[in-house]
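# Observations on chain architecture
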Amino acid sequence: MTGHFPNTRLRRTRATGWSRALHRETVLTPADLIWPLFVTSGKGVEEPIATLPGVSRWSVDGIVARAREAADLGIPVIALFPNTPHELRSDDGAEAHNPDNLMCQAIKAIKDACGNSIGVLTDVALDPYTSHGQDGLVNDAGYVLNDDTVAMLVDQAVNQANAGADIIAPSDMMDGRIGAIRRALEMNGHHNVQIMSYAAKYASAFYGPFRDAVGSGGLLKGDKKGYQMDPANADEAMREVAMDIAEGADSVMVKPGLAYLDIIYRVRQRFDVPVFAYQVSGEYAMIEAAQAAGIGDRDALVLEKLIAFKRAGCSGVLTYHAAHVARLLNG
């Protein structure tokens, strides 16, 4: 029970900085961050992304430098997304299976340079490799085929694990892919490769800059509402998460983040697994736009949002602000 004023003054513990620190319920550290990075072809290449101010695509050597930077800052994991050259994209996304594709080159280079000082999380979906921009195989009617796509994703996941990936993160939202990937990883001796499932990934309006970053935005034919979740649905997210856990997911993700804090909270309360959020490209871009317009302070905005994810129950957050935030937190 709460006491009565003036015996109880709730402002008493807020009066000084040291007291606020002492009573703080939620703590954010660099170890709570995952840094998404975009890989492009070439050497010594940095390509700034216009719709993501401050974010660039990096050639493999640049990605290695970012991995070292992350490890030095105390960020435990980087997440890789390739910008596959247009000539290597196809209707079936076959480049995803190439053991020397951009993703595999980056994984191997990071592991050669950094060993186990940094974890490598890899995206499993076909949209960076397809000529139509969808996450899977498409029939003549434009429908994304579930089971045929899952077979492609399984081979893609094993390809990445063979290259040295530590965490496989399927972002495609096909039914049954977690179980199929888990079985394939076990059969191929990758017993300790984790699966972080994009379990509740919504068909969101906040993804636009990301699609520019991986080169699929201008290619996308139709939309992804046939497999990504309806933003109006919450109970359905619990079913998606339950199925992925049953199939072998070691952790689950809610994407996007800020507009879905209720989903993060419900997942954390209901399931005994680590929950992650993706502070997606549109969320990042809005913070940068506020800073540029002089209507918000970047540091204050991003720290408040990340604390909100942790307060809702996240074990960690994927954010393009990861390196900047780690520097702030390291003082």
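Below you will find a few notes about this structure. Quantities reported herein were computed from a predicted structural model and do not represent experimental measurements. (Residues numbered from 1 in each chain as written. Predicted model: local features only at pLDDT ≥ 70, side-chain atom pairs only at ≥ 80, totals over all residues. Heavy atoms only, no water.)

### Some details on the packing of aromatic side chains
What counts is decided by this rule: In summary, the pairing rule links any two rings of Phe, Tyr or Trp, Trp by its six-membered ring, whose centres are within 6.5 Å, and it sorts them by plane angle into stacked for under 30 degrees, edge-to-face for over 60 and tilted for everything else. Starting at the N terminus, helices and strands are each numbered in turn, a helix being any DSSP run of H or I of at least four residues and a strand any DSSP run of E of at least two.
All told, the structure shown has eight aromatic pairs when counted by the stated rule. Arranged with centres 6.0 Å apart and planes meeting at 50°, the rings of Tyr-278 and Tyr-320 form a pair that is tilted. Taken together, the residues span a long stretch of sequence, with Tyr-278 in strand 9 (residues 275-279) and Tyr-320 in the loop between strand 10 (316-319) and helix 11 (322-330) at a distance of 42 residues. On the basis of an interplanar angle of 75° and a centroid distance of 5.8 Å, the ring pair of Tyr-284 and Tyr-320 is categorised as edge-to-face.

### Some points on the pattern of salt bridges
Put simply, the rule reads: A carboxyl oxygen of Asp or Glu within 4 Å of a side-chain nitrogen of Lys or Arg is what we treat as a salt bridge. Any residue under 20% of the maximum accessible area for its type is buried, any over 50% is exposed, and the rest in between are partly exposed; the area is computed with a 1.4 Å probe on protein chains only.
A full pass over the atoms with the stated rule returns 13 salt bridges. Note that Glu-186 is salt-bridged to Arg-182, the shortest N-O span being 3.2 Å. Separated by four residues within a single helix, Glu-186 and Arg-182 lie in helix 5 (residues 177-187), roughly one turn from each other. What makes Arg-182 buried here is its relative accessible area of 12%. Counted as one network, the salt bridges with shared partners bring together Arg-66, Glu-69 and Arg-327.

### Digging into the pairing of strand 4 (residues 77-82)
On a regular strand, each side chain points to the face opposite its neighbour's, so the side chains alternate between the two faces of the sheet. Going by this rule: The rule for pairing is simple: two strands pair if DSSP sees at least two bridges between them.
Across the six residues that make up strand 4, a large majority, six, are buried. Across the two faces of strand 4 the burial is the same, with Val-77, Ala-79 and Phe-81 and Ile-78, Leu-80 and Pro-82 all buried. With six bridges connecting them, strand 1 (residues 33-39) and strand 4 associate as parallel partners. Across the sheet, Leu-37 pairs through a bridge with Leu-80, a residue of strand 4. Relative to strand 5 (residues 119-124), strand 4 runs parallel, the two sharing four bridges. Considered in strand 5, the bridge of Val-77 is made with Gly-119.

### A word on unusual backbone geometry
For the bond from Phe-5 to Pro-6, the omega torsion is 10°, close enough to zero to count as cis. For the bond from Lys-255 to Pro-256, the omega torsion is -5°, close enough to zero to count as cis. Relative to the elements of secondary structure, Pro-256 occurs in the loop between strand 8 (251-255) and helix 8 (261-270). Not every positive phi belongs to a glycine, and Met-173 is a case in point at roughly 70°. In this structure, Met-173 sits in the loop between strand 6 (167-170) and helix 5.

### Describing a positive patch on the surface
Test applied: Patches were defined on residues exceeding 30% relative accessible area and lacking a salt bridge, with like-charge contacts within 9 Å and nonpolar side-chain contacts (Val, Leu, Ile, Met, Phe, Trp, Tyr) within 5 Å. Here the Shrake-Rupley method, with its probe set to 1.4 Å, supplies the accessible areas, and only the displayed protein chains count as covering residues. Charged-residue counts in this description rest on Lys and Arg as positive and Asp and Glu as negative, His and the chain ends being excluded. For charged residues, the charge sits on one atom: NZ in Lys, CZ in Arg, CG in Asp, CD in Glu.
Residues Arg-9, Arg-11, Arg-12 and Arg-14 make up a contiguous surface patch of positive charge. Tracing the backbone through its elements, the reader meets Arg-11 in the segment before helix 1 (17-22). By relative accessible area, Arg-11 is classed as exposed at 68%.

### Brief notes about the packing of helix 9 (residues 281-293) against helix 10 (residues 298-312)
How two helices pack is summed up by the angle between their axes together with the distance between the axes. Basically, it comes down to this: To get an axis, a line is fitted to the C-alpha atoms, and for a helix only the part in contact is used. The angle between two axes follows their N-to-C directions and goes from 0 to 180 degrees. By definition in this entry, angles of less than 35 degrees are roughly parallel, angles greater than 145 are roughly antiparallel, angles of 65 to 115 are roughly perpendicular, and the rest are oblique. Crossing handedness is read from the near helix: turned anticlockwise from the far helix by less than a right angle, it gives a left-handed crossing, and turned clockwise, a right-handed one. We call two residues contacting when some pair of their heavy atoms lies within 4.5 Å. In this classification, Asp, Glu, Lys and Arg are treated as charged, Ala, Val, Leu, Ile, Met, Phe, Trp, Tyr, Cys and Pro as nonpolar, and every other residue, Gly included, as polar.
Between helix 9 and helix 10, the shortest axis-to-axis distance is 9 Å and the interhelical angle comes to 150°. Judged on the interaxial angle alone, helix 10 and helix 9 are roughly antiparallel. By crossing handedness, the relation of helix 9 to helix 10 is classed as right-handed. Facing helix 9, whose interface residues are Glu-283, Ile-287, Glu-288, Ala-290 and Gln-291, helix 10 presents Arg-298, Leu-301, Val-302, Lys-305 and Phe-309. By residue class, the composition of the contact of helix 9 with helix 10 is five nonpolar, one polar and four charged.

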